[in-house]
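What the coordinates show
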Amino acid sequence: MPADGTALRWRGGPDGQLILLDQTLLPARCQELTCRDEKTVAEAIRHLRVRGAPAIGVAAAYGVVLGLQSAVPGTTGSLRARLEEVIRCLAGSRPTAVNLFWALERMRRAADGLLAEPETGPALLSGLLDEARAIQEADVATCLAIGTHGSVLLEDGHGVLTHCNAGALATSGRGTALSVIYAAHESGKRLKVFADETRPLLQGARLTCWELLQQGIDTTLICDSMAAPLMREGRIHIVLVGADRIAANGDTANKIGTYGLAVLAHAHQIPFFVAAPCCTWDLDTPRGEEIPIELRCADEVTHLAGHQTAPEGVQVHNPAFDITPARLITGFISEHGVFQTADQAIALARARNMPFP
Ligand code: MRU
């Protein structure tokens, strides 16, 4: 597994920079991108140089620090105005992963507290950097806990199907769905992981396989359309995916193709689990239908690795995510444990006063 911080890291102090591994170039090239302002971070999120719900949230938090660097020193009024401008820019990068908005809200609240003090400027920047670091450190711990809780679901010899990339590259830690696989593997269970290639942008082929092979995990790449026969042949024992946003009723937005896998898993009576931190739950959104689904450009479907694969002028429908209804989800793996229903997950987190958004 790539080490924690593979997807992104902060270099330096309050006047530092955000370093991203440009995931659009993987696996052919490992090239870093240095972000010095919020616009570069927003562009990197929009173009999936940094991607995966938790990593997007952490990158945006650091983006707020970068955006404020140019406004310091300044008056409270000018700093507030700049803060809102920076948050607007970052919030407009991608609409579905709620972690982005959750992290920006945390940064806004931290800034509000800091701006209430008479001396702003440098204290504001270092306070915001502390908050962004806290978000990142919590993500690392959360990923570990998800792996530990989820690993009990996997048995020696299991065939595991995963979709897109919910691994170290999608977080600042070791991932969500892939963290479960890493923890089970480390405990000595022999797994056979099947990774969907994940059309159109191939996060499964390019990123998940890259990660799993580094860890020495038995990995087989399949085209998305190959999941059904594998299930019928009895070679898949469990499906593990991540999430970009979970509505209050448990309906889950994740990479396009996830819903199809859930239907297939249900038809073959295979358990289907969603691994995600609590900050991926959106309790203000009652049902999946209300989750905004990002529509991306036609080129992603008409072209493959820069080569045109469809005739000029064809109509294209390219939603980046779909919604899996809660009734098709066997359970949710969170940093607090494994829950069969949304109500159980929410009730436990609330009872323990745990950080639900
Ligand atoms: O478009 P992407 O690559 O950002 O989509 C990512 C996913 O769908 C992941 O499964 C999800 O964000 C969870 S990552 C731990």
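Residues numbered from 1 in each chain as written. Predicted model: local features only at pLDDT ≥ 70, side-chain atom pairs only at ≥ 80, totals over all residues. Heavy atoms only, no water.

**Regarding the sheet that holds strand 9 (residues 252–255)**
With mixed pairing, 4 strands are arranged side by side in an open sheet as 11-8-9-14. Looking at the sheet topology across the chains shown, the edges are occupied by strand 11 (281–282) and strand 14 (321–324). Relative to strand 9, strand 8 (residues 245–247) runs antiparallel, the two being bridged by 2 bridges. Considered in strand 9, the bridge of Ile246 is made with Thr252. (Pairing = 2+ DSSP bridges. Helix = DSSP H or I, 4+ residues; strand = E, 2+ residues; numbered from the N terminus.)

**Regarding the sheet that holds strand 6 (residues 219–222)**
Within the open sheet, the 7 strands sit side by side as 6-5-4-7-10-15-16. Their pairing is mixed. Edge positions in the sheet fall to strand 6 and strand 16 (337–339), since each has one partner strand and no second. Across the sheet, the mean angle from the axis of one strand to that of its neighbour is 25°, orientation sign disregarded. Packing against the sheet, helix 9 (residues 258–267) makes contact with strand 4 (159–162), strand 5 (192–196), strand 7 (238–241) and strand 10 (272–275), and its axis sits at approximately 145° to strand 10. (Axes fitted to C-alpha atoms, helices over the stretch in contact; angles between N-to-C directions. Contact = heavy atoms within 4.5 Å.)

**With respect to the site of the ligand**
Close contacts around the ligand come from 17 residues, with Arg51, Ala53, Arg94, Asn254 and Lys255 the closest. Residue Asp244 places a side-chain N or O atom 2.9 Å away from an oxygen atom belonging to the ligand. When the ligand is considered free in solution it has 410 Å² of accessible area, and contact with the protein chains removes 100% of it. Elements represented by at least two residues in the shell around the ligand include exactly helix 2 (53–69) and strand 9. Grouping the amino acids of the shell around the ligand by side-chain chemistry returns 8 nonpolar, 5 polar and 4 charged. (Near = heavy atom within 4 Å. Polar contact = N/O pair within 3.5 Å; in protein donor to acceptor, adjacent residues only side chain to side chain. Areas by Shrake-Rupley, 256 points an atom, 1.4 Å probe, with all protein chains shown as cover. Nonpolar A, V, L, I, M, F, W, Y, C, P; charged D, E, K, R; others polar.)

**Points about the environment of Asp37**
For Asp37, the location among the structural elements is in the loop between strand 3 (32–35) and helix 1 (38–46). Separated by 19 residues in the primary sequence, Asp37 and Leu18 have C-alpha atoms spaced 8.8 Å apart. Separated by 3.2 Å, the side chain of Asp37 and the backbone nitrogen of Lys39 make a polar contact. A distance of 2.7 Å separates the side chain of Asp37 from the side chain of Thr40, its partner in a polar contact.

**Remarks on helix 2**
Between the first and last C-alpha of helix 2 there are 25 Å, a value that for 17 residues agrees with the 24 Å anticipated at 1.5 Å per step. Extensive coverage of helix 2 is indicated by the burial of 17 of its 17 residues. (Expected span 1.5 Å × (residues − 1). Buried < 20%, exposed > 50% of the residue type's maximum accessible area, 1.4 Å probe, protein only.)

**Some details on the pattern of salt bridges**
Per the stated rule, a full pass over the model turns up 19 salt bridges. Between Arg108 and Glu105 there is a salt bridge, with its nearest N and O atoms 2.8 Å apart. Here Arg108 and its partner Glu105 are both found in helix 4 (residues 98–115), 3 residues apart, which amounts to about one turn of the helix. Overall, Glu105 belongs to the partly exposed group, its relative accessible area being 30%. Look at the salt bridges and you will find they share partners, linking Arg94, Glu294, Arg296 and Glu300 into a network. (Salt bridge = Lys/Arg side-chain N within 4 Å of Asp/Glu carboxyl O.)

**Re the environment of Asn99**
By the secondary structure assignment, Asn99 is in helix 4. Its relative accessible area of 1% is what places Asn99 among the buried residues. With 57 residues separating them in the primary sequence, Asn99 and Asp156 have C-alpha atoms 33 Å apart. Residues within four places of Asn99 in sequence aside, it is in contact with Ala53, Pro54, Gly57, Asp244, Pro277, Cys279 and Thr280.

**Regarding the side chain of Ser334**
Position of Ser334 relative to the elements: it lies in strand 15 (residues 331–334). Ser334 has contacts with Ile146, His149, Ala276 and Phe339, leaving out every residue within four places of it along the chain.

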